[in-house]
Every structure is written in structure tokens, then in C-alpha cells.
Amino acid sequence: MRLWILALGTRMPGWVEAGVSEYAARMPPHFQVQWRSLPLARRGRGGDPARWRREESERLLAATPAGAERVAMEVTGRALSSEALAQRVDGWLGGGRDVALWIGGPDGLDPALRPDWRWSLSPLTMAHPVVRVVVAEQIYRAWSIQAGLPYHRAGEEHQHHA
């Protein structure tokens, strides 16, 4: 089972790469998280956001492994507690099926995309670089809960000393 995090946008600040790498390095070998950055559609003045969303969604679909469960990150999606996400992660690990998590570009995802479900991190609108770091941390947190590790219970002061 692999979790594919397919994110639109290729030029991320160093702090984003560092944050994502930090949590990716903590994942166990049996839960592989593969990050893939996909190019945004070329934008110009007086452009067409609907066309950009279609083009970017085609890239997401092309990068999604056949048969994978498809999860769209959307502000209007289903909000999950960390424990509920841990249950999903447990199901993913037990099911053996790949999962593709789609993070859209600045104009969002094409409404024509048909994910298996839609996940919202928060009702807040977040910058896409921030979403990457939050997703990386939440996936690690969910795995640590289902694995019975203390990470999810420790306060910030304890996490640095663990």
C-alpha cells in the first residue's frame, strides 16, 4: 500500500520541503508516502481559470495509479478528527489498495473530478504550501495514533525531547 500525495505546483519554499521531509522520514517502511509535485497550467493575463482547473485535473488523473482510492483535498470536504483519520489510515494499511490524495492549485480542483471522497483540513482557506505541511503532519499523526505511539499525546515541549 502506498499513499500518493499528488500536489499541483512545483516551486515550493524551502520550509515546505523541510516540513514535508521531516514527517516523511518518520514514516515506517510498510507505509510508504510518495510525494509528487505536478506543474500548474500556464497562466496569463485574462486567462480562463476553468480551463486551468481542467488541465491541472487531467494531470492529477494521469498521475493517479490505476485502482487507487482517490481523495480530493477541498475546503468543502468532510472534516475528520485525528482519530477518524487514524481509522482511515488503518483501513488503508489493511486494505492494501493505493491511495491518491489530490491537492489542487491556486484555482482549486475541477468540479468534474470524481474522487471517492473529499477531505477538508479546516474551514479556513490555506495557502497551498501550508496545506502540504499540514497534510504531512496529519498523516504522520494519524499513523502514530493507529500504531499506538505517543506522538499524538505529547505536548509540543515533549515532542522535541522524545
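Residues numbered from 1 in each chain as written. Predicted model: local features only at pLDDT ≥ 70, side-chain atom pairs only at ≥ 80, totals over all residues. Heavy atoms only, no water.

As a further point, take the confidence of the model for the protein chain. Overall, the predicted model of the protein chain reaches an average pLDDT of 90, with 93% of residues at or above 70. At the level of individual helices and strands, the protein chain shows its lowest average pLDDT in helix 5 (residues 156–159), which scores 42, and its highest in strand 4 (residues 99–103), which scores 97. Segment residues 156–162: pLDDT under 50, and three contacts once partners within four positions in sequence are set aside and those in other chains are kept. (pLDDT = per-residue confidence, 0-100. Helix = DSSP H or I, 4+ residues; strand = E, 2+ residues; numbered from the N terminus. Contact = heavy atoms within 4.5 Å.)

The next point concerns the packing of aromatic side chains. Counted under the stated rule, the structure contains three aromatic pairs. A centroid spacing of 6.1 Å and a plane angle of 40 degrees characterise the contact between Tyr-23 and Tyr-140, whose relative ring orientation is tilted. In this pair, Tyr-23 is assigned in helix 1 (residues 14–26) and Tyr-140 in helix 4 (residues 128–147), connecting sequence segments 117 residues apart. We note that Tyr-23, like Tyr-140, is buried. Taking 5.9 Å as the distance between ring centres and 40 degrees as the angle between the ring planes, the aromatic pair formed by Tyr-140 and Trp-143 counts as tilted. A residue pair is termed a helical-turn pair when its members lie 3 or 4 positions apart in one helix, as Tyr-140 and Trp-143 do in helix 4 at three residues. Judged by relative accessible area, Tyr-140 falls into the buried class, the value being 9%. An aromatic cluster of three or more residues is present, and its members are Tyr-23, Tyr-140 and Trp-143. The ring of Tyr-140 has Arg-26 sitting right over it, with the charged end atom 5.3 Å from the ring centre. The ring centre of Trp-117 lies 3.7 Å from the NZ or CZ of Arg-88, which sits over that ring. (Phe/Tyr/Trp six-rings, centres within 6.5 Å; stacked < 30°, edge-to-face > 60°. Buried < 20%, exposed > 50% of the residue type's maximum accessible area, 1.4 Å probe, protein only. Lys NZ or Arg CZ within 6 Å of the ring centre and 35° of its normal.)

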